[in-house]
Amino acid sequence: SRLGHHPDRLLVPGVEIGSGSLGHGLGLAVGTALGLRAQGRTEPRVYVLVGDAELDEGSNHEAIAYAGATGLSTITAIVVDNQSATHGWPGGVASRFTVNGWTASTVDGRDHDAIEKALRTHEAGRPHVVVATVERKGS
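Rules used throughout
Residues numbered from 1 in each chain as written. Predicted model: local features only at pLDDT ≥ 70, side-chain atom pairs only at ≥ 80, totals over all residues. Heavy atoms only, no water. Core = buried A, V, L, I, M, F, W, Y, C linked by side-chain atoms within 4.5 Å. Buried < 20%, exposed > 50% of the residue type's maximum accessible area, 1.4 Å probe, protein only. Helix = DSSP H or I, 4+ residues; strand = E, 2+ residues; numbered from the N terminus. Pairing = 2+ DSSP bridges. Right-handed = clockwise from strand over helix to strand, strands pointing away. Expected span 1.5 Å × (residues − 1). Contact = heavy atoms within 4.5 Å. Arc of directions from axis to C-beta. Phe/Tyr/Trp six-rings, centres within 6.5 Å; stacked < 30°, edge-to-face > 60°. Salt bridge = Lys/Arg side-chain N within 4 Å of Asp/Glu carboxyl O. Axes fitted to C-alpha atoms, helices over the stretch in contact; angles between N-to-C directions. Parallel < 35°, antiparallel > 145°, perpendicular 65-115°, else oblique. Left-handed = near helix turned anticlockwise from the far one by under 90°.

Undergrad: An account of the nonpolar core is needed here, citing residue identities and associated values.
TA: One finds L26, I75, F97 and W102 to be the most contacted residues of the largest nonpolar core, which totals 22 residues. Breaking this core down by element, the ones donating at least two residues are helix 1 (25-38), strand 1 (46-51), helix 2 (58-69), strand 2 (75-81), helix 3 (93-98) and strand 4 (128-133). Membership of the second largest hydrophobic core comes to five residues, among which are V107, I115, A118 and V130.

Listed below in structure tokens is the structure:
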């Protein structure tokens, strides 16, 4: 895809931050949404693309918990779930977010219409996550 492995803000229109090391994108997105809130801005919406294995990093747990506790409603995380996380999560990836106050949609990661619908489905006052499941090759 045009996104590649690490989206480059200079090469992909709409990408504001290429987070570099895995595990930093969600925290950067929460900080961006928080900064916009501090400015009194309810637009634009902040989107962050994360892999399920990145959720093994502790900083992501803190970002998920903070965004949920503060009702950071302008953020949407898209998690590509290809079952590559080391630790997993009881109840699946979505439950990792909902237990912290997020709304969640889980969709087939290859169904573009379902992804689009899930991206538009979020409640006021709560952050949202779209878990896009994809079967790993050879599974």
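Undergrad: Give a description of the pairing of strand 4 that names residues and reports values.
TA: Burial within strand 4 is extensive, with five of its six residues counted as buried. Pairing of strand 2 with strand 4 involves six bridges; the strand directions are parallel. Note that in strand 4 the partner of A77 across the bridge is V129. Two strands pair when backbone bridges link them, and strand 3 (residues 103-108) and strand 4 are joined in this way by six bridges, in the parallel orientation. Looking at strand 4, one finds that D108 is bridged to T133. For the segment spanning strand 3, helix 4 (residues 112-120) and strand 4, crossover handedness is right-handed.

Undergrad: Lay out helix 2 in plain terms, naming residues and giving numbers.
TA: The terminal C-alpha atoms of helix 2, which comprises 12 residues, lie 17 Å apart, in line with the 16 Å expected from a rise of 1.5 Å per residue. Check the buried side of helix 2 and you find it contacts helix 1 and helix 3. Downstream of helix 2 by one or two residues, G71 has phi in the positive range, about 60°.

Undergrad: Would you mind going over helix 1 in detail, with residue names and values included?
TA: With 14 residues, helix 1 extends 20 Å between its outermost C-alpha atoms, agreeing within 8% with the 20 Å of an ideal straight helix rising 1.5 Å per residue. All buried positions along helix 1 are accounted for by G25, L26, A29, V30, A33 and L36. The buried residues of helix 1 occupy one face: seen down the axis, they fall within an arc of 135°. On the buried face of helix 1, the contacting elements are strand 1, helix 2, strand 2 and helix 3. Of the residues trailing helix 1, G40 is marked for its positive phi of about 80°.

Undergrad: Got a sec to walk through the packing of aromatic side chains? Specific residues and values, please.
TA: Going through the model one piece at a time under the given rule, you end up with one aromatic pair. Taken together, a centroid distance of 4.9 Å and an interplanar angle of 75° make the contact between F97 and W102 edge-to-face. Side by side, F97 and W102 carry an identical accessibility label, which is buried.

Undergrad: Residues and numbers for the pattern of salt bridges, please.
TA: Scanning the model with the defined rule gives two salt bridges in all. Between E116 and R120 there is a salt bridge, and its shortest N-O distance comes to 3.0 Å. One end of the pair is E116 and the other is R120, both in helix 4 and four residues apart, which spans about a single turn. Residue classification places R120 among the exposed positions, given a relative accessible area of 62%. With a closest N to O distance of 3.2 Å, R126 and E123 form a salt bridge.

Undergrad: With reference to specific residues and values, describe the packing of helix 1 against helix 2.
TA: Two numbers describe how helix 1 lies on helix 2: the axes approach to 8 Å, and their chain directions differ by 30°. Judged by the angle between their axes, helix 1 and helix 2 are roughly parallel. Here the hand of the crossing between helix 1 and helix 2 comes out left-handed. Contacts between helix 1 and helix 2 involve L26, G27, V30 and L34 from the first element and N60, A63, I64, Y66 and A67 from the second.

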